[in-house]
Amino acid sequence: MILPCLGRTEIDRQSGGEQFVTVEDSMGVISSSRGNLDPGSEYLLSEPAIVARLAKATLGSKSPVDWDALIGNYDLIRDHIEHVVPGFDRFNERIKQNPFYLPNGPRDERKFATPTGKAIFTVHTLPTETLEPGQLIMMTIRTHDQFNTTIYGLDDRYRGIYNGRASCS
């Protein structure tokens, strides 16, 4: 199943106004991401809207979460993250000022949260997932036909590139 969604370069308009999402890079830097182009279609939904609608449709009245409020104002999502994920204190305040680094003991202090203070490596067997009839596994995939320096396609409509790509090394 493919669920077409807004691209990061498209403006995300919700009931609470224009929204932005946050992203974490490979160095633990949290920054905002907001589009500046009109959406390619009026029927595209944001990723938060897709996930919240699926949750609302699946859980119905069993869930105490106000999914519509979360779709309308992503600050509310960040408020929830702030309460459960270490390093996200004052999330909305901080992200509206500048990107910020998440705390990282190994990076910042060469310290690991283990009894020895050192890294512990383990090997685990991957589980085999067995699904009953009617069950599905959900995942999301985002692509603009490029991941780092690997190019999977020659078109990039966001940048106006068709049948060609420039690559940087």
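Refer to the structure printed above.
Residues numbered from 1 in each chain as written. Predicted model: local features only at pLDDT ≥ 70, side-chain atom pairs only at ≥ 80, totals over all residues. Heavy atoms only, no water.

Novice: Tell me about the pattern of salt bridges, and please be specific about residues and values.
Specialist: The tally for this structure, following the rule as stated, stands at 8 salt bridges. Here Asp89 makes a salt bridge to Arg90, at a shortest N to O gap of 3.5 Å. Note that Arg107 and Asp108 form a salt bridge whose closest N and O atoms lie 2.8 Å from each other. On the accessibility criterion, Arg107 (31% relative accessible area) is partly exposed. Salt bridges here are not isolated pairs; linked through shared partners, they connect Asp89, Arg90, Glu93 and Arg94. (Salt bridge = Lys/Arg side-chain N within 4 Å of Asp/Glu carboxyl O. Buried < 20%, exposed > 50% of the residue type's maximum accessible area, 1.4 Å probe, protein only.)

Novice: Go over unusual backbone geometry, please, and point to the residues and values.
Specialist: With a phi close to 55°, Arg90 is a non-glycine residue in the positive phi region. Along the polypeptide, Arg90 turns up in the loop between helix H3 (74–84) and helix H4 (91–95). Even without being a glycine, Arg110 presents a positive backbone phi close to 55°. Along the chain, Arg110 falls in the loop between helix H5 (105–109) and strand E6 (146–147). (Helix = DSSP H or I, 4+ residues; strand = E, 2+ residues; numbered from the N terminus.)

Novice: Tell me about the sheet that holds strand E3 (residues 21–24), residues and numbers included.
Specialist: Read from one edge of the open sheet, 3 strands run E3-E4-E5, paired in antiparallel fashion. Across the chains shown, the open sheet's two edge strands, defined by having one partner strand only, are E3 and strand E5 (100–101). Summarising the sheet, strand E4 (residues 29–33) and E5 pair through 2 bridges and their orientation is antiparallel. Residue pairing across strands places Ile30 opposite Phe100, the latter belonging to E5. (Pairing = 2+ DSSP bridges.)

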